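Working through the structure, step by step
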Amino acid sequence: MNENPNDSNINQINQANQIGDSADRITIPPDKLMTVSTSPHIKGGETTATIMTAVIIALMPALVWSIYIFGFRALTLTLVSVISCVFFEFLYQKIMKKQVAVKDLSAVVTGILIAFNLPVNTPLWGPVIGAAFAIIIVKQLFGGIGKNIVNPAIAARIFMFLSFNFMASFWDITQNKLPALKINVDAIAGATPLVYLKEGKLPEIILKDDTLIKPINMFLGQKGGCIGEISVLLIIAGGIYLMWRKIISWHTPVSFIAVAALLMFFFPKGSSDNLNFALAQILSGGLFLGAFFMATDYATSPITKAGKLIFGAGCGLITVFIRYFGAYPEGVSFAIMIMNLFVWYIDKATKPVKFGGAAHGRKQ
């Protein structure tokens, strides 16, 4: 009896499939198989913990200098702030039954930055309130690290600044240093250079050696202000370290500082000494601290180089506008927080065009 042609074809197909399967197993070893996954496809060795460790190292010189200028009260406030941030992050994640992620050290960095934005004569409950607001309200309620739309430390500073009088009372650097746990309530609170500059005057603060404060003194850190913002030299050193580690890029800090400096030089407020007025302005307050350590926050700043330049320029412009026309002598925190809200739009406007595509999705 002759074989059915259809059966013959089926047998040939089965044999071919078996041969193909065998050949595939022989010619394509498992380590050569293609893996399909979502982006990113290129991964570096940096983790959140290593990045935050680098930021902590970069902030340490400024902390040491603040202890030298203000006393161990600066260290106490920083420790209270850090412990509070770690505690509130741990507590929230435990209550919400989320994975506890305090080991990534992001809460530690937030705690240090909150303390750096406080006057040294802040009561010890101050950083606790700031830490609760930054971690629970600004960070965790938005989904945790990387999902917050504004910088937690900046938001905490603005919240406390608008809520408590101690944020406007700065320690006079001509007074004795503060002990770790006690404040001399009879001591004098001093004005920062920004108070004079707000009135269009150059700072007239007399240092302990009876010399008038000069730009070089302000650059080195012999001036009033918040804990972490007084030594511009050490802040720049920390920023350079982060750029060397490729944690941040130069685009945002340089555009931030450059725009502010140029505007203040060409449009000095009530002073005929353009150069010294501009130097005093950029060396006062938290401009350098904000430019290097808060405007460069990954989650709340643009990802493209052009976007970072635009972001920094916007921060500089708003800072000058608030310092000149606002009710407060400082404007860095408000400027950064305002620009945080425009990051999505900046990224959308500056995103690179796909290969073979058209700008902004327009068809050719």
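To be clear, the structure that these remarks concern was listed above.
Residues numbered from 1 in each chain as written. Predicted model: local features only at pLDDT ≥ 70, side-chain atom pairs only at ≥ 80, totals over all residues. Heavy atoms only, no water.

So, on to a nonpolar patch on the surface. Together, Ile137, Leu141, Phe142, Ile149, Ile338, Leu341, Phe342, Trp344 and Tyr345 make up an exposed nonpolar region whose accessible area comes to about 940 Å². When you line up the elements, isoleucine 137 lands in helix H5 (residues 125-139). (Patch = residues over 30% accessible without salt bridge, like charges linked within 9 Å, V, L, I, M, F, W, Y side chains within 5 Å. Areas by Shrake-Rupley, 256 points an atom, 1.4 Å probe, with all protein chains shown as cover. Salt bridge = Lys/Arg side-chain N within 4 Å of Asp/Glu carboxyl O. Helix = DSSP H or I, 4+ residues; strand = E, 2+ residues; numbered from the N terminus.)

Moving on, we come to the packing of helix H6 (residues 152-163) against helix H14 (residues 332-340). Two elements in contact, H6 and H14, have axes separated by 9 Å at closest approach and are oriented at 130°. Classed by the angle they form, the pair H6 and H14 counts as oblique. The chirality of how H6 crosses H14 is left-handed. For the pair H6 and H14, the contacting residues are Ile154, Ala155, Arg157, Ile158, Phe161 and Leu162 in the first and Ser333, Phe334, Ile336 and Met337 in the second. Each residue belonging to the contact of H6 with H14 can be placed in one class, and the counts come to 8 nonpolar, 1 polar and 1 charged. (Axes fitted to C-alpha atoms, helices over the stretch in contact; angles between N-to-C directions. Parallel < 35°, antiparallel > 145°, perpendicular 65-115°, else oblique. Left-handed = near helix turned anticlockwise from the far one by under 90°. Contact = heavy atoms within 4.5 Å. Nonpolar A, V, L, I, M, F, W, Y, C, P; charged D, E, K, R; others polar.)

In contact at an axis separation of 8 Å, helix H10 (residues 251-266) and helix H11 (residues 274-283) are set at 145° when each is read in the N-to-C sense. Helix-helix and strand crossings are classified by hand; for H10 and H11 the assignment is right-handed. Residues Ala261, Met264 and Phe265 of H10 touch H11, and the partners they reach there are Asn274, Leu275, Phe277, Ala278, Gln281 and Ile282. Per-class residue counts for the contact of H10 with H11 are 7 nonpolar, 2 polar and no charged.

For the rest of this paragraph, the subject is the side chain of threonine 122. Looking at the secondary structure, you find threonine 122 in the loop between helix H4 (106-116) and H5. A distance of 2.7 Å separates the side chain of threonine 122 from the backbone oxygen of proline 119, its partner in a polar contact. (Polar contact = N/O pair within 3.5 Å; in protein donor to acceptor, adjacent residues only side chain to side chain.)

Here we come to H10. For the α-helix, the turn length of 3.6 residues means that residues three or four positions removed from each other point alike. In this model H10 runs 22 Å from its N-terminal to its C-terminal C-alpha over 16 residues, within 8% of the 22 Å that 1.5 Å per residue would give. Summarising the contacts, the buried residues of H10 are in contact with H11, helix H12 (287-294), helix H13 (305-325) and H14. (Expected span 1.5 Å × (residues − 1).)

Moving on: unusual backbone geometry. For leucine 105, which is not glycine, the phi torsion reads 70° and is therefore positive. Examined against the element boundaries, leucine 105 turns out to sit in the loop between helix H3 (73-95) and H4. Backbone geometry at lysine 246 places phi at a positive 65°, although glycine is not the residue there. For lysine 246, the position within the fold is in the loop between helix H9 (232-244) and H10.

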